[in-house]
There are 2 protein chains.
Amino acid sequence: MTFPQVEAFRGGENLIRVVGHRGARGVLPENSMIGFDFSLSIGVPLLEFDVVLTADSIPVITHNHRLHAPTFRDANGRFLVGEEPKVSSLTVEQMQQFDIGRLDGHSAYGRRFPDQAQMDGIRVPTLMNLLELVDDPKYRDACLMLELKSDPDLAHDAVYRRNFVGRVLQDVRAKGLSSRAVLHSFDWTLLEECQRQAPDMPSSYLTQLPDNADDVGEDSSKAVCPDFRGRRDEIPKLVKEAGGALWCPYFADVTAENVALAKKLGLCVAVWTVNEHEDIDKMIDLGVDAIVSDYPGRVQRHLSDLGMRWSAIH
Amino acid sequence: MTFPQVEAFRGGENLIRVVGHRGARGVLPENSMIGFDFSLSIGVPLLEFDVVLTADSIPVITHNHRLHAPTFRDANGRFLVGEEPKVSSLTVEQMQQFDIGRLDGHSAYGRRFPDQAQMDGIRVPTLMNLLELVDDPKYRDACLMLELKSDPDLAHDAVYRRNFVGRVLQDVRAKGLSSRAVLHSFDWTLLEECQRQAPDMPSSYLTQLPDNADDVGEDSSKAVCPDFRGRRDEIPKLVKEAGGALWCPYFADVTAENVALAKKLGLCVAVWTVNEHEDIDKMIDLGVDAIVSDYPGRVQRHLSDLGMRWSAIH
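Residues numbered from 1 in each chain as written. Chains lettered and ligands numbered in written order. Predicted model: local features only at pLDDT ≥ 70, side-chain atom pairs only at ≥ 80, totals over all residues. Heavy atoms only, no water.

A. Spatial organisation of the overall build of chain A. Looking only at helices and strands, one finds 11 helices and 9 strands in chain A. Taken over the C-alpha trace, chain A has a radius of gyration of 18 Å; the compact-globule value for 314 residues is 20 Å, and the two agree within 12%. For chain A, the spread of C-alpha atoms along the three principal axes comes to 50 × 45 × 45 Å. By residue count, 60% of the 314 residues in chain A fall in the buried class. For chain A, the proportion of contacts with a sequence separation of at least 24, taken over those separated by at least 6, is 65%. Looking at chain A as shown, the accessible area adds up to about 11,700 Å², and 49% of this sits on carbon and sulfur atoms. Each charge class in chain A was averaged separately, 34 positive and 47 negative side chains, and the resulting centres sit 2 Å apart. (Helix = DSSP H or I, 4+ residues; strand = E, 2+ residues; numbered from the N terminus. Rg over C-alpha atoms; globule rule 2.2 N^0.38 Å. Buried < 20%, exposed > 50% of the residue type's maximum accessible area, 1.4 Å probe, protein only. Contact = heavy atoms within 4.5 Å. Areas by Shrake-Rupley, 256 points an atom, 1.4 Å probe, with all protein chains shown as cover. Lys, Arg positive; Asp, Glu negative; His and termini not counted. Charge placed at Lys NZ, Arg CZ, Asp CG, Glu CD.)

B. Highlighting the pattern of salt bridges. Residue and element names in this part refer to chain A. Throughout the structure, instances matching the rule amount to 52 salt bridges over all chains. Here Arg167 ties to Asp171 by a salt bridge, and the two come within 3.1 Å at their closest N and O atoms. Of this pair, Arg167 and Asp171 both sit in helix H6 (residues 158-174), 4 residues apart, roughly one helical turn. Each member of the pair, Arg167 together with Asp171, is buried. (Salt bridge = Lys/Arg side-chain N within 4 Å of Asp/Glu carboxyl O.)

C. Highlighting the relation of the copies chain A and chain B. Under the fitted operation, chain A is carried onto chain B by 0.0 Å of movement along the axis and a turn of 180°, and the coordinates agree to an RMSD of 0.0 Å. Taken together, the turn and the small shift mark the pair as related by a two-fold rotation axis. By residue overlap, the copies meet face to face through one surface: 100% of the interface positions of chain A are interface positions in chain B. (Least-squares fit on C-alpha atoms with pLDDT ≥ 70 in both.)

D. Structural context of the interface of chain A and chain B. Facing 30 residues of chain A, the contacting portion of chain B comprises 30 residues. Summed over the three residues of chain A that lose the most area to chain B, namely A:Asp115, A:Gln118 and A:Arg301, the buried surface amounts to 27% of that side. Between the two partners, chain A and chain B, sit 2 salt bridges. The closest approach of N and O atoms between B:Arg298 and A:Asp115, which form a salt bridge, is 2.6 Å. Linking chain A with chain B are 12 residue pairs in polar contact (both at pLDDT 80 or more), by the criterion used here. Those elements giving two or more residues to the side of chain A that touches chain B turn out to be helix H2 (33-41), helix H4 (108-111) and helix H11 (296-305) of chain A. (Buried area = accessible area lost by both parts, 1.4 Å probe. Polar contact = N/O pair within 3.5 Å; in protein donor to acceptor, adjacent residues only side chain to side chain.)

E. Representation of the UniProt feature "domain: GP-PDE" (unreviewed entry) in chain A in the model. With numbering aligned to this structure, UniProt lists the feature "domain: GP-PDE" (unreviewed entry) at residues 16-303 of chain A. Here residues 16-303 of chain A runs as 30% helix and 15% strand, with 8 Å between its end C-alpha atoms. (UniProt positions renumbered as here; feature names shortened; annotations may be inferred.)

F. Broad picture of helix H5 (residues 127-134) of chain B. Residue and element names in this part refer to chain B. All of the buried residues along H5 are Leu127, Leu130, Leu131, Leu133 and Val134. End-on view of H5: buried residues confined to an arc of 160°, all on one side of the axis. Where H5 is buried, its residues contact helix H2 (33-41), strand S2 (46-53), strand S3 (59-61), strand S4 (143-148) and helix H6 (158-174). (Arc of directions from axis to C-beta.)

G. Layout of the environment of A:Asp99. Residue and element names in this part refer to chain A. Its place among the elements puts Asp99 in the loop between helix H3 (92-95) and H4. On a C-alpha basis, the gap between Asp99 and Asp219 in space is 20 Å, while along the polypeptide they are 120 residues apart. Other than its neighbours up to four places away in sequence, Asp99 contacts Thr71, Phe72, Arg73, Met119, Asp120, Gly121, Ile122 and Arg123. Within the structure, Asp99 has its side chain in polar contact with the backbone nitrogen of Ile122 (distance 3.1 Å).

H. The pairing of strand S9 (residues 290-293) of chain A, seen in detail. All names here are of chain A. Alternating residues of S9 divide into Ala290 and Val292 and Ile291 and Ser293, and every residue in both groups is buried. Judged from the 4 bridges that link them, strand S1 (residues 17-21) and S9 form a sheet pairing that is parallel. Across the sheet, the residue bridging to Arg17 is Ala290, located in S9. By the bridge criterion, 2 bridges tie strand S8 (residues 268-271) to S9 in an arrangement that is parallel. Across the sheet, residue Val271 finds its bridge partner in S9, namely Ile291. (Pairing = 2+ DSSP bridges.)

I. Spotlight on the packing of aromatic side chains. Throughout the structure, instances matching the rule amount to 19 aromatic pairs over all chains. Aromatic pair B:Phe186 and B:Trp272: ring centres 5.6 Å apart, planes at 85°, arrangement edge-to-face. With B:Phe186 in the loop between strand S5 (181-185) and helix H7 (188-197) and B:Trp272 in the loop between strand S8 (268-271) and helix H10 (277-286), this residue pair connects regions lying 86 residues apart in the sequence. Ring centres of B:Trp188 and B:Phe228 lie 5.1 Å apart, and the angle between their planes is 50°; on these two criteria the pair is classed as tilted. Of the two residues, B:Trp188 is situated in helix H7 and B:Phe228 in the loop between strand S6 (203-207) and helix H8 (235-242); the sequence distance between them amounts to 40 residues. Since its relative accessible area comes to 13%, B:Trp188 is described here as buried. Taken together, the aromatic side chains of A:Phe186, A:Tyr250, A:Phe251 and A:Trp272 make up a single cluster linked through ring pairs. Positioned over the ring face of A:Tyr295 is A:Arg298, at 4.0 Å from the centre of the ring. Stacked on the ring of B:Phe79, the Lys or Arg B:Arg73 has its end atom at 6.0 Å from the ring centre. (Phe/Tyr/Trp six-rings, centres within 6.5 Å; stacked < 30°, edge-to-face > 60°. Lys NZ or Arg CZ within 6 Å of the ring centre and 35° of its normal.)

See below:
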């Protein structure tokens, strides 16, 4: 089965795709409408972002399964302190009381993104908000790498899983965008549920070897990702067997061997999160299909300097 | 005389203004509508940009008085080679044949901005395009630091000067924006002409000491800026005597003495172009009113980390 949205992520001769990570986290508030619009506006039509389900079953776009203290401010403009509430315990209305326009520069997380603009009045978007944006004819090339983030406390609850996937698909289908999204997760059990409910949509398998350090200030993939220790170069085979169309490894886990195997199996390889010039170079040398970056403009510049393209058109 | 647009650039207790330099040159194509819109959208309502007059007397927004080879591409997508044509020899229609969406990464100029997005189909805006953007009610706080760039070959031609200033003012007045723009130049003779034609608008005096190196790939200020060698700490007095409301020195020319003198004289001090964290810190310590930067988001982050503001509201 060939999925047009998978081909949108596929590289080629002199061509590597660029994917805006959470919009363009290096430049604008992550997982915000203004960040998505920025990425689309600069000619980076591929968007990676994170979906979590609220207490009232609304798919919203945010990374962690708890409100993220370094980016969530309360009505008084103060970053959260104390225990972070779970997204699954709040309604969408409660979520949208918080302002996600700034980064706490005194946090370890905040220090990672020193160029991010500081804004006020920015709210957690719903999945529907983003679907409506990409439904605009000017963004007809846009494709979504829609990451389903399961609450690790609920990941083994089949009813929760079914409802989570069902609600996401309901929104995607309501906007007629099933052919422009890939369903993307670290949670392979959740991806099974996706394939059950949406055999017409491709699955994208995220992986990260457990020996890599977690990114500071972010939910670890380890709570949900299978442990592939010692099997690094077999992962593409496992992804293929599980029914995957894309393989999305942490960039440090990629080798010439596993990229070659993935390509032989017809998988599209999209690596994350690649921000430094030397790492971009390594990924180009390894021949990945797509680079997911917090700095999509930087990756464009880098490819452009090498005479490479990031879109089939230009 | 108090000008509201001068107060918009004035700092205060815990407050330093941020000015987007040519939009946000570090992030997006310089002097482009998408760059201006980015700066305004992130809550940086002060825009510095450059105006040059075409052969058919249309004020257009571009920095050099010749087309800039590292940023101008022809209809075949190739960066200019050979002698760069003068803006004053081309009509606006001819100017807009060129695409300014990318930077030539192999040029010394291009290497200065490694994160700038690479776009296609971006045209030199007219001054009127930008005036129309800031006329949008959502950008009602926007103020323009409108730099008049004289063609050095014509700078001493009184008829050219009169016409240049006249055409700029005609556009600004047609949109009713005289109270939201400052007239800004290195060319003090041209600013005299501005004061003659627009006594209702403030003048902003750019200066750069000749011992500073020119920025690579840019027209030098030295062709038109008076030579203040040996008089560094007197410049504010000269600006005041010439009728200035703002003084805009190259950031390396600023001292505790000349900032103190400028403040004593009631001048507003806006320094350019400040991109590195250590330089931002120096400017904060010196107590300037405003920082002009290619990375307005970075300056916001830096101020925010210090508990400082860049707007009187937030």
